[in-house]
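Residue strings, one per chain:
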2 protein chains.
Amino acid sequence: MKISCSQAALLESVNVVSKAVPVKTTMPILECILLKAFNGQIILTASNMDLGIENIVRDGEIEEEGIVALDAKLFSDVVRNLPKSTVYLETDELYHTTIRCDKALYKVIGKSGQDFPALDPVKISDPIEMTQASLKDIIRQTSFSVSDNDANKMMTGMLAQIHGNMMKMVALDGHRISIRVIELKDSYPDYKVIVPGKQMTEINKILSSETDDMVQIYITSSQMIFDIEYTMMVIRLIDGEYFNYEQMIRNEFNTKLTVNRRELIESVNRATLLVKEGDKKPVIVSITDDQMELMGNSAVGSMNESLPIVKEGADQMIGFNPKFLVEALRAIDDEEITMYLYDAKSPCFIRNDTETYNYVVLPVNFNNVR
Amino acid sequence: MKISCSQAALLESVNVVSKAVPVKTTMPILECILLKAFNGQIILTASNMDLGIENIVRDGEIEEEGIVALDAKLFSDVVRNLPKSTVYLETDELYHTTIRCDKALYKVIGKSGQDFPALDPVKISDPIEMTQASLKDIIRQTSFSVSDNDANKMMTGMLAQIHGNMMKMVALDGHRISIRVIELKDSYPDYKVIVPGKQMTEINKILSSETDDMVQIYITSSQMIFDIEYTMMVIRLIDGEYFNYEQMIRNEFNTKLTVNRRELIESVNRATLLVKEGDKKPVIVSITDDQMELMGNSAVGSMNESLPIVKEGADQMIGFNPKFLVEALRAIDDEEITMYLYDAKSPCFIRNDTETYNYVVLPVNFNNVR
């Protein structure tokens, strides 16, 4: 292989595919970035088996076609530090690779890449089209709720559902549920798949927030593929049946209240200060006629603060894990939010009237606090 | 004690004195910030025994004089998160403290602060006056060379010397020496003291880089005191005789060369990429007529690059610890720097003609590399 391209284009490409390089792996080949030069295209690929990313280098010339796998960390360190000039990359038959840029010359040892897993994208059906910005939003607004505990594989995934012209994403971890619905421009056949939440957050880093940039999505029985200009991301679906989360959603409530979102976040944060991490002390929320009182309490001291609210229905006293409450509130863009409560043992719902979002936060016991 | 002040002023004060709060200590009282309200001044104090900092809160009213010691981490977390409004702080006779700001109310447990070590500043002589910006520069340009290994206490210190209208600072760690000299506006009696380098970098964070802001420095047999508006920093001197570093400085050389500083830093960084941290592989510098060739080498590959230089004298081949070379180069502001070499076993000097700076970097053996 003998190629050249600009340092800027190569760096961009390396940065994109690096999102799929696994931190830990038992397959040494996955620690590499695969470089392919064929048919006039220089393509970089990385994979962690759950997510594979392919990126076409935006400029570049191929003098001799070929393929080589280079250690991802080393290669990206080298590319990042090269002068802003043309990079010349050449491999010999033993995959010894020279990288030349201005007066800097690197010699590194590559691999054949024969055992690099193929991404095998299957794009049989018509793609679902949406803006990258919408996809970015819906991922950000739900993916924080997936479990990071591998013990329950299904909880590390999130539901992605297409129904007519609606896309829905759902994530839950046993303590909370995050549901978002967005409208698509066109209607599509029904799809209901489970994607690994961690890989979705990696994809999110690559998506653009420009409202004009589109993404094409292909869904098969084993893959979800995201196609954007120069980049293709292939996610392996999680097999199985997703939780019947809908049975957790109830519309009866005893208390409905409206509160300023930003003020509530700041108050919860202040109430949490006294609690050392891992202490698992709840913030206690007492709701009376026109105010919400927040209380935090620990060995080092106590805090309380009240916020103005507009309330309908019964008074309430309920305890929350402050992290879960704040993360849900942060995922919402509205200035005022509405909370629905049933009692101290039942989940709290934060949802808007059109139900384009519904955040469910389970309460925690606070008997020991007061 | 019963006081009030703006959240902004209190936060600024907390941030300043926090620089002296020790990360680890066997004296629990040092984990506190001491609040004193006397004679119309609210003063915050923190100390780690080597460095004590006192700061006067810029605004505030005292309704009842008093004193209390509050856990530094908790107190600064609370103050940082309070609304931008007036803070009311009150203690009872058991040092239970209430902090109120808008509708937020904290109750925390304080201490009497009786066992908090007094800073005891002694300001007997006339102060040395200079701009904070100059002091900031001279600390930054030398302190990186102190040893972080407590085994040799003297190496964790740095020499601060006043002679006539000159201030000199010297730091060394057995592998390198950094020397800086600046001119003061006035002349002063001679001083030669050793200050803890780590504490000097904390002081540096508090100093302003505005060229109009002055600092008054007082030196006694046991303390160096830095006085700036609202803030006093007291450093405990290290006892003993500093190294006879001057015998290491030689002016003979076989090779003198001039090179672009920025380009050299970038080249050394590129040569270092292949080396994993802790590997201790040197960068090898080969100097011939009009070029400097840098070489890096490790199990994963090799790198070389050449830079244009202007040279007088013999060719050289010398190995350096890249970190020591780069840190010295970063501490210099000149675009072009001049290096003086004797041979592969002798220190390299990077100095300017007026010798306001002199960076000495010891070479490392590289027999095993080529």
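For the structure itself, consult the block above.
The following refers to the structure shown. Sequence positions are assigned chain by chain, starting from 1 and proceeding in written order. All chains are assigned letters beginning at A, and all ligands numbers beginning at 1, according to the order in which they are written. The model is predicted, so local features are restricted to residues of pLDDT at least 70 and side-chain atom pairs to those at 80 or more, both for listing and for counting; the totals for chains, interfaces and linings are taken over all residues. Side-chain numbers come from the whole structure's heavy atoms, not from hydrogens or water.

**Quick notes on the sheet that holds strand β7 (residues 86-91) of chain A**
Okay, so step 1: Whether two strands pair depends on DSSP finding at least two bridges between them. Segments assigned H or I by DSSP are reported as helices when at least four residues long, segments assigned E as strands when at least two residues long, and all are numbered from the N terminus. What the nine strands build is an open sheet, ordered β5(A)-β1(A)-β7(A)-β8(A)-β9(A)-β19(B)-β18(B)-β17(B)-β21(B); its pairing is antiparallel. Of all strands in the sheet, those bounded by a partner on one side alone are β5 (61-64) of chain A together with β21 (316-320) of chain B. Taken pair by pair, the neighbouring strands of this sheet meet at an average axis angle of 15°, ignoring direction.
Okay, so step 2: As judged from the five bridges shared by β7(A) and strand β8 (residues 96-101) of chain A, these two strands associate in the antiparallel manner. Within β8(A), the position partnered with Tyr88(A) by the bridge is Arg100(A).
Okay, so step 3: We call two residues contacting when some pair of their heavy atoms lies within 4.5 Å. To define axes, lines are fitted to C-alpha atoms, for helices over the stretch in contact only, and angles between the resulting N-to-C directions are given on a 0 to 180 degree scale. In the packing of helix α5 (residues 261-272) of chain B onto the sheet, the strands contacted are β9 (104-109) of chain A together with β17 (283-287), β18 (291-298) and β19 (301-308) of chain B, and the crossing angle to β19(B) comes to about 170°.

**Things to note about the relation of the copies chain A and chain B**
Okay, so step 1: Between the two copies, chain A and chain B, the superposition gives an RMSD of 0.0 Å; the rotation angle is 180° and the shift along the axis is 0.0 Å. Taken together, the rotation angle and the small translation identify this as a two-fold axis. For chain A, the minimum C-alpha distance to the rotation axis belongs to Val23(A) and amounts to 15 Å.
Okay, so step 2: Of the residues that chain A buries at the interface, 100% are likewise interface residues in chain B, meaning the two copies contact each other through the same surface. Fitting of the copies onto one another was done by least squares over C-alpha atoms, counting residues only where both copies have pLDDT of at least 70.

**Digging into the nonpolar core**
Okay, so step 1: Phe75(A) and Met224(A) are the most contacted members of the largest nonpolar core, which has 98 residues in total.
Okay, so step 2: Here Met224(A) is in contact with Ala160(A), Met167(A), Val193(A), Val195(A), Ile217(A), Tyr218(A), Ile219(A), Met233(A), Val234(A), Ile235(A) and Leu237(A), once residues within four sequence places are set aside.
Okay, so step 3: Working definition of a nonpolar core: buried Ala, Val, Leu, Ile, Met, Phe, Trp, Tyr and Cys residues. They are joined through side-chain atoms within 4.5 Å. For each residue, the accessible area found with a 1.4 Å probe, counting protein chains only, is set against the maximum for its type, and the residue is called buried under 20%, exposed over 50%, and partly exposed in between. Among the nonpolar cores identified, the runner-up in size contains 97 residues, and Val14(B), Ala20(B), Leu89(B) and Cys101(B) belong to it.

**As for the sheet that holds strand β3 (residues 41-47) of chain A**
Residue and element names in this part refer to chain A.
Okay, so step 1: Here eight strands make up an open sheet; going across it, the order is β6-β2-β3-β4-β15-β14-β13-β10 and the pairing antiparallel. The sheet is open, and its two borders are formed by β6 (66-71) and β10 (128-131), each paired with just one other strand. The mean inter-strand angle of the sheet, taken between neighbouring strand axes irrespective of direction, is 20°.
Okay, so step 2: Note that strand β2 (residues 32-38) and β6 share six bridges and pair antiparallel. Paired with Ile-33 across the bridge in β6 is Leu-70.
Okay, so step 3: Its contacts with the sheet place helix α3 (residues 132-143) against β10, β13 (214-219) and β14 (223-228), and it is angled at close to 85° to β10.
Okay, so step 4: Strand contacts of helix α4 (residues 197-206): β4 (51-56), β14 and β15 (231-236), with the helix running at about 170° to β15, the strand carrying the most contacts.

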